[in-house]
Amino acid sequence: MKRLSGGRLAGLAVAAAIVISGSAIMPARADVVVQIDKSSQRMAVSVDGMTRYNWPVSTGRSGYGTPSGVFHPQSMSRHWFSRKYYNSPMPHSIFFYYGFAIHGTNDPARLGGPASHGCVRLHPSHAAALFALVQRNGPRNTRIEISN
C-alpha cells in the first residue's frame, strides 16, 4: 500500500472539503408533477414520485375550456391581476400556456366544479404552497399534466 505525503494528503482534504461544501449549498433537485383531472376537478401534486398534496380545483366552465396536455411553468408571479377579466386577482400564479395559469381564487366555495375562464383555480393557501414548492424546486423540474 502506498502512503500519501503530507502535501498530497492536505490537497485531498481541501478537494474533499470543496466538494462537500458545494453540495451543501446546492438545493436538492426534485421532480414536481402536478396532475390536474378536469373530470374530477382534483389536483394531485407529487415530488419525486411521492404524492404530497391532493386538492379540489376549478377549471374552465362551459365555453372556457382549460387546455389538456403536458406543460411546464413559463412564468410565475406572486401578485397578478388579470388584464383580460376585470383586473381580477390571481394570487400565486403559475403560468403554463399563454395566459392560462394555476392560481389562488377569492371564491373558494366554487372549488370542485368548473367555474373559471380556463385557468386552474385553487384555495389561496394551496396556491401559495404550490407556488413555494415550484419556486424551491425550479420550474424546469416541474411538469403540469392536465387530462380529461
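Residues numbered from 1 in each chain as written. Predicted model: local features only at pLDDT ≥ 70, side-chain atom pairs only at ≥ 80, totals over all residues. Heavy atoms only, no water.

On to the sheet that holds strand β8 (residues 120–122). What the four strands build is an open sheet, ordered β5-β6-β7-β8; its pairing is mixed. Either end of the sheet is taken by a strand with one partner, and the two such strands are β5 (75–77) and β8. Averaged over all pairs of adjacent strands, the angle between their axes in this sheet comes to 20°, without regard to strand direction. In this sheet, strand β6 (residues 93–97) lies alongside β5 in antiparallel orientation, the contact comprising three bridges. Paired with Ser 77 across the bridge in β6 is Ser 93. (Pairing = 2+ DSSP bridges. Helix = DSSP H or I, 4+ residues; strand = E, 2+ residues; numbered from the N terminus. Axes fitted to C-alpha atoms, helices over the stretch in contact; angles between N-to-C directions.)

What follows covers the environment of Asn 137. Along the chain, Asn 137 turns up in helix α2 (residues 124–137). Considered as a pair, Asn 137 and Val 32 are 105 residues apart in the sequence and their alpha carbons are 7.4 Å apart.

Glancing now at the sheet that holds strand β1 (residues 32–37). Here five strands make up an open sheet; going across it, the order is β3-β2-β1-β9-β4 and the pairing mixed. Where the open sheet ends on each side, the last strands, each with one partner, are β3 (50–56) and β4 (69–71). For this sheet, the mean angle separating the axes of adjacent strands, direction not counted, is 15°. Sheet topology note: the β1/strand β9 (residues 142–147) ladder contains six bridges and is parallel. The residue bridging Ile 36 from the neighbouring strand is Ile 146, located in β9. Across the sheet, α2 touches β1, β2 (42–47), β3 and β9, and the angle it forms with β3 is around 145°. (Contact = heavy atoms within 4.5 Å.)

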